[in-house]
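Reading the structure
Spelled out, the chains give:
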Amino acid sequence: GFLAAPSGRFLAARGTGRAGASAACKGVRMAMGDLDISVSTVMGMEGIVKRELEEMGYRGATASNGRVDFKAGPEALARCNINLRTATRVLVKVGTFPAMTFDDLFDGVKALP
C-alpha cells in the first residue's frame, strides 16, 4: 500500500495483514534493527491507537491523519496485528520517493527493493 503526503511524497509500505508478520517479512531486511512501522486507522481514532501502542510498551509513536507511526523490532508486526483493536492495517515502510505523476509513482515503486 501507499500513504500519500500532501507534498507529493509517497511512503511505500508492505502490509502485514491479519494473517501475521511472517509472509510480509519476506524480502524485508530484519538484521537492520528497528523497522519503521505505520498503523492505519479510521480518522479520529489515532489517539486511541497511540494509547494502545503505549500500553503494549511501544514509546515514541507519532499520530497524524489516519495513521500512527513508530519504530520497533520485527516482533511488533505480529503483536500489533493480534492486539490492536482499532487499527485497520499494519504497514512496514520500505522506502520513500517523490511522485507528482503516475509515471513517477510507477518508477519509484519499481526501484524499491
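Conventions adopted
Residues numbered from 1 in each chain as written. Predicted model: local features only at pLDDT ≥ 70, side-chain atom pairs only at ≥ 80, totals over all residues. Heavy atoms only, no water. Salt bridge = Lys/Arg side-chain N within 4 Å of Asp/Glu carboxyl O. Helix = DSSP H or I, 4+ residues; strand = E, 2+ residues; numbered from the N terminus. Buried < 20%, exposed > 50% of the residue type's maximum accessible area, 1.4 Å probe, protein only. Polar contact = N/O pair within 3.5 Å; in protein donor to acceptor, adjacent residues only side chain to side chain. Contact = heavy atoms within 4.5 Å. Pairing = 2+ DSSP bridges. Phe/Tyr/Trp six-rings, centres within 6.5 Å; stacked < 30°, edge-to-face > 60°. Core = buried A, V, L, I, M, F, W, Y, C linked by side-chain atoms within 4.5 Å.

Once the charged atoms of two side chains with opposite charge are near each other, the side chains can pair. Evaluation of the coordinates by the stated rule reveals four salt bridges. As a salt-bridge pair, E55 and R51 come within 3.9 Å of each other at their nearest N and O atoms. Taken together, the positions of E55 and R51, both in helix 2 (residues 46-55) and four residues apart, correspond to about one turn of that helix. Accessibility expressed as a relative area gives 60% for E55, which makes it exposed. On the basis of relative accessible area, R51 is assigned to the partly exposed category, the value being 46%. Taking the shortest distance from any N to any O, the salt bridge between R67 and D69 comes out at 3.1 Å. Since its relative accessible area comes to 22%, R67 is described here as partly exposed.

Another aspect to go through is the side chain of T86. Within the secondary structure, T86 sits in the loop between helix 3 (75-83) and strand 6 (87-98). Polar side-chain contacts of T86 include one of 3.1 Å to the side chain of E52. Other than its neighbours up to four places away in sequence, T86 contacts T41, M45, I48, V49 and E52.

Counting buried positions along strand 3 (residues 35-41) gives six out of seven residues, so the element sits mostly inside the fold. Direction of pairing for strand 3 relative to strand 5 (residues 67-72): antiparallel, over a ladder of six bridges. Within the sheet, the bridge partner assigned to L35 lies in strand 5 and is A72. Sheet topology note: the strand 3/strand 6 ladder contains five bridges and is antiparallel. When the sheet's bridge partners are listed, V39 is paired in strand 6 with V90.

Two aromatic rings, taken as a pair, are described by how far apart their centres are and by the angle between their planes. Applying the stated criterion to the full structure yields one aromatic pair. A centroid spacing of 5.4 Å and a plane angle of 40° characterise the contact between Y58 and F70, whose relative ring orientation is tilted. Of the two residues, Y58 sits in the loop between helix 2 and strand 4 (62-64) while F70 sits in strand 5, which places them twelve residues apart along the sequence. There is no split in this pair, since Y58 and F70 are both buried.

All right, on to the environment of D69 then. In this structure, D69 sits in strand 5. Each C-alpha atom, one on D69 and one on V39, is 6.3 Å from the other, the two residues being 30 residues apart in sequence. Setting aside its immediate chain neighbours within four residues, D69 contacts I37, S38, G60, A61, T62 and S64. At 2.8 Å, the side chain of D69 forms a polar contact with the side chain of S38.

So, on to the nonpolar core. I37, V39, L53, Y58, F70, C80 and L84 are the most contacted members of the largest nonpolar core, which has 18 residues in total. Taken together, the elements giving at least two residues each to this core come down to strand 3, helix 2, strand 5, helix 3 and strand 6. Apart from residues no more than four positions distant in its own chain, F70 is found in contact with L35, D36, I37, V39, L53, Y58, A61, A76 and C80.

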